[in-house]
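Okay, here's what each chain looks like letter by letter:
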Amino acid sequence: MIWHLIAAIFAGLGAAGIGLILRLASGKRLPRWIVPVCAGLGMLAYQIHHEYSWFEHKRQQLPESAAVVDVEESQVFWRPWTFLFPMTTAFTIVEQDRLSVSQAQGERLVEFRLYRFEKEYVDQVSHQAWLMNCATREMLPLEGEARTPATEAMRRLDAATPLYGVLCPQA
């Protein structure tokens, strides 16, 4: 986080330098306030670029086997540009190399971990083990070291859900 603050300050200084060069090149006909306005715009431009490139940056850090199965975009009133272009604030992945596939009573069961990345002032990562029955499209969270299914939290997925397509491609 400190590096983003330093980068924003340097973006502001660079933009202020451009404003100063423009003022000097115009023979000082441009008003003096052009320099701090350029500095503010430079810092704002860096911050907007950082916010919108967060998802791609995080995705490039993931292993090749990671498949993005859900992306959440949001709009915030103090960032009015997000109403035109919503910003990615969270996404969920599953690692395809770490799937545990088994058969029980003729049905395919897949044990996997979902990782959720959230963009906050400090990025948050959470994970949960799940068990999916490919035939019925039912998912159960697995709790504790014993990985006992929590049947009260069972979810049924739609066949068009990207997670279902990743875990049960031939179903």
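Since the model is a prediction, treat every value here as computed from it, not as a measurement.

### So, the packing of aromatic side chains
Under the defined criterion, the tally for this structure stands at four aromatic pairs. Plain terms: the ring middles of Phe77 and Trp78 are 5.3 Å apart, the flat faces sit at 80 degrees to each other, and that makes the pair edge-to-face. Residue Phe77 shares its accessibility class with Trp78, and that shared class is exposed. Chaining the aromatic ring pairs together yields one cluster made of Trp54, Phe55, Phe91 and Phe117.

### So, the state of the cysteines
This model, assessed by the stated rule, comprises one disulfide. The disulfide bridge from Cys134 ends at Cys168, spanning 1.9 Å between sulfur atoms. Residues Cys134 and Cys168 are joined by a disulfide whose S-S torsion is about -70 degrees; by sign, that bridge is left-handed. Here Cys134, found in the loop between strand E5 (124–133) and strand E6 (138–143), pairs with Cys168, found in the segment after helix H3 (162–167); they are 34 residues apart in sequence, far enough to count as distant. Here Cys134 and Cys168 have matching classes, each one buried.

### Looking at unusual backbone geometry
In the Ramachandran plot, Lys28 falls in the positive-phi region, its phi being about 65 degrees despite a non-glycine side chain. With respect to the helices and strands, Lys28 occurs in the loop between helix H1 (2–25) and helix H2 (34–61). Classification of Lys28 as exposed rests on a relative accessible area of 53%. One non-glycine residue, Gln105, adopts positive backbone phi at about 55 degrees.

### Thoughts on the pattern of salt bridges
Summed over all chains, the structure comprises seven salt bridges. A salt bridge links Glu118 to Arg116; its shortest N-O distance comes to 3.3 Å. The class for Glu118 is partly exposed, based on a relative accessible area of 25%. Between Glu138 and Arg156 there is a salt bridge, with the nearest N and O atoms lying 4.0 Å from each other. In this pair, Glu138 is assigned in strand E6 and Arg156 in strand E8 (residues 155–156), connecting sequence segments 18 residues apart. Overall, the relative accessible area of 26% leaves Glu138 in the partly exposed class.

Basis of the calculations
Residues numbered from 1 in each chain as written. Predicted model: local features only at pLDDT ≥ 70, side-chain atom pairs only at ≥ 80, totals over all residues. Heavy atoms only, no water. Phe/Tyr/Trp six-rings, centres within 6.5 Å; stacked < 30°, edge-to-face > 60°. Buried < 20%, exposed > 50% of the residue type's maximum accessible area, 1.4 Å probe, protein only. Disulfide = S-S within 2.5 Å. Helix = DSSP H or I, 4+ residues; strand = E, 2+ residues; numbered from the N terminus. Salt bridge = Lys/Arg side-chain N within 4 Å of Asp/Glu carboxyl O.

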